[in-house]
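Now for the letters of each chain:
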Amino acid sequence: MARVVVDVMLKPEILDPQGKAVQGAFSRLGFDGVASVRQGKRFEIELDGEATPEAVAEIERAAATLLANPVIEDFTVHVEAGV
Amino acid sequence: MRVGVVTFPGSLDDRDAARAVRVAGGEAVALWHGDADLRGVDAVVLPGGFSYGDYLRCGAIARFAPVMERVVDAARGGLPVLGICNGFQILCESHLLPGALIRNDHRKFVCRDQPLRVESAATAWTSGYAAGQEIVIPLKNGEGGYVADQRTLDELEGEGRVVVRYLGDNPNGSYRDIAGVANARGNVVGLMPHPEHAVEALTGPGTDGLGFFTSVLEGLVRA
């Protein structure tokens, strides 16, 4: 068993209203020193077997097809160690 | 003329869309998301709502419904397809239309009668309007901000593919006040406002939305 993690973030040039709302709450609660907040999504994917290069490539394909919309989002894929 | 209206799990406006087709003089045909079958319709409407609960991204899961494979193929072959609200989001996720819809910049759901300018009458769904005509139809969305990169926006403007534009205050942060766009061929149109809710004076702000449905029916008769 292996775990592959896909992180999806809005591209930097796309406005993130949710991140802005969180940033607003930060300052209301007195958490200072925060310049900006952007919110993304994290997918934890358990594989049936090992994280072979083929298996990871398949997850990358799924990320580009389904998990992220490449028009507005970037994504990264990494294998989580020690699961 | 038979116009299909797709129902996804979470569709809200499929009945109103079917009714608009009938008020315009067409026959509405119910299409089911799980059937890879367009039942020989002459055009398709993807209605508003919250398909699959808007999980992942609005329209992201509906895009892969069996019926959508057929819709995408048929649209590439020239079948008129109209996406309203969630239907617009599905068309963008399907890459039939460029760009994407993101959360409203002011973070609130917006529901109001919205003035628009019809920028292009050169599409299957707006041929009955005059370019520059101003109309009022309902707008109701939480994720209606239209975004695309500058090059795509310039291309859309240059090719006359901005179909409708918001007038007055921008209701959701859409780039360049864009409310709806078309593909290059003009058979696929998506917009956030709801023409199907403005086809009868009794239940809408007027009948300004009816033109979308009469346009496609008249186009089919001429074809």
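Counting from 1, residues in each chain are numbered in the order their sequence is written. For naming, the first written chain is A and the first written ligand is 1, with later ones following in the order written. In keeping with the predicted nature of the model, local features appear solely for residues at pLDDT of at least 70, side-chain atom pairs appear and are counted solely at 80 or more, and the whole-chain, interface and lining totals rest on all residues. The basis for every side-chain value is the complete set of non-hydrogen atoms in the structure, without hydrogens or water.

Going by what an unreviewed UniProt entry lists, chain B is known as Phosphoribosylformylglycinamidine synthase subunit PurQ and is assigned to Jiangella anatolica. Quoted straight from UniProt, the Pathway (unreviewed entry) entry for chain B says "Purine metabolism; IMP biosynthesis via de novo pathway; 5-amino-1-(5-phospho-D-ribosyl)imidazole from N(2)-formyl-N(1)-(5-phospho-D-ribosyl)glycinamide: step 1/2." UniProt positions are given in the numbering used here, feature names are shortened, and annotations may be inferred rather than shown by experiment.

(A) The overall build of chain A, seen in detail. Helix and strand counts for chain A stand at two helices and three strands. Listed by position from the N terminus, the elements making up chain A come as β-α-β-α-β. Only C-alpha atoms enter the radius of gyration, while the globule expectation follows 2.2 Å times N to the 0.38, with N the number of residues. What you see for chain A is a C-alpha radius of gyration of 16 Å, clearly larger than the 12 Å of a compact globule of 83 residues, by over 25%. In terms of overall dimensions, chain A has a C-alpha envelope of 45 × 30 × 15 Å along the principal axes. Exposed residues in this analysis have more than 50% of their type's maximum accessible area, buried residues have under 20%, and partly exposed residues fall in between, with area computed by a 1.4 Å probe over protein chains only. In chain A, which comprises 83 residues, the proportion classed as buried is 29%. In this analysis, two residues are considered to be in contact whenever any of their non-hydrogen atoms come within 4.5 Å of each other. Partitioning the contacts of chain A with sequence separation of at least 6, the portion at a separation of at least 24 is 73%. Going along the chain from the N terminus, every DSSP run of H or I of four or more residues is numbered as a helix, and every run of E of two or more is numbered as a strand.

(B) A look at the UniProt feature "active site" (unreviewed entry) in chain B. Residue and element names in this part refer to chain B. What UniProt calls "active site" (unreviewed entry) maps, in this numbering, to Cys85, His194 and Glu196. A stretch of 112 residues holds the annotated residues, and the largest C-alpha distance among them is 10.9 Å, short enough that they meet in one place. Structurally, the position occupied by cysteine 85 is in the loop between strand S4 (81–84) and helix H3 (86–93). Leave out the neighbours within four places in its chain, and cysteine 85 touches Gly48, Lys140, Asn141, Leu191, Met192 and His194. By the element assignment, glutamate 196 lies in the loop between strand S11 (188–191) and helix H5 (210–222). Once residues within four sequence positions are removed from consideration, glutamate 196 is found in contact with Asp13, Asp16, Ala17, Ala20, Ile84 and Phe213. A polar atom in the side chain of glutamate 196 sits 2.8 Å from the side chain of histidine 194. Each polar contact in these results corresponds to two N or O atoms within 3.5 Å; when the atoms are within protein, one needs to be able to donate a hydrogen and the other to accept it, and residues that are neighboring in sequence are counted only if both atoms are side-chain atoms.

(C) Molecular detail of the interface of chain A and chain B. Listed per partner, the contact involves 17 residues of chain A and 16 residues of chain B. Two parts placed together each lose some accessible area; with a 1.4 Å probe, that loss summed over both constitutes the buried area. Summing the contributions of chain A and of chain B, the shared interface buries around 1,400 Å²; its carbon and sulfur component is 66%. Sorting the residues of chain A by area buried against chain B places Pro17(A), Leu66(A) and Asn69(A) first, and these three jointly supply 33% of that buried surface. Salt bridge, as used here: a side-chain nitrogen of Lys or Arg that lies within 4 Å of a carboxyl oxygen of Asp or Glu. A salt bridge links Glu73(A) to Arg57(B); the nearest nitrogen and oxygen atoms lie 3.6 Å apart. Across the chain A-chain B interface, the total number found is five residue pairs in polar contact (both at pLDDT 80 or more). Listing elements by their share of the side of chain A that touches chain B, those giving two or more residues are helix H1 (17–28), strand S2 (40–47) and helix H2 (53–67) of chain A. Among the elements that take part in the side of chain A that touches chain B, H1(A) stands out by supplying four residues, more than any other. For the side of chain A that touches chain B, the per-class residue count stands at 10 nonpolar, three polar and four charged. Ten residue types, Ala, Val, Leu, Ile, Met, Phe, Trp, Tyr, Cys and Pro, are classed as nonpolar, four, Asp, Glu, Lys and Arg, as charged, and the remainder, Gly among them, as polar.

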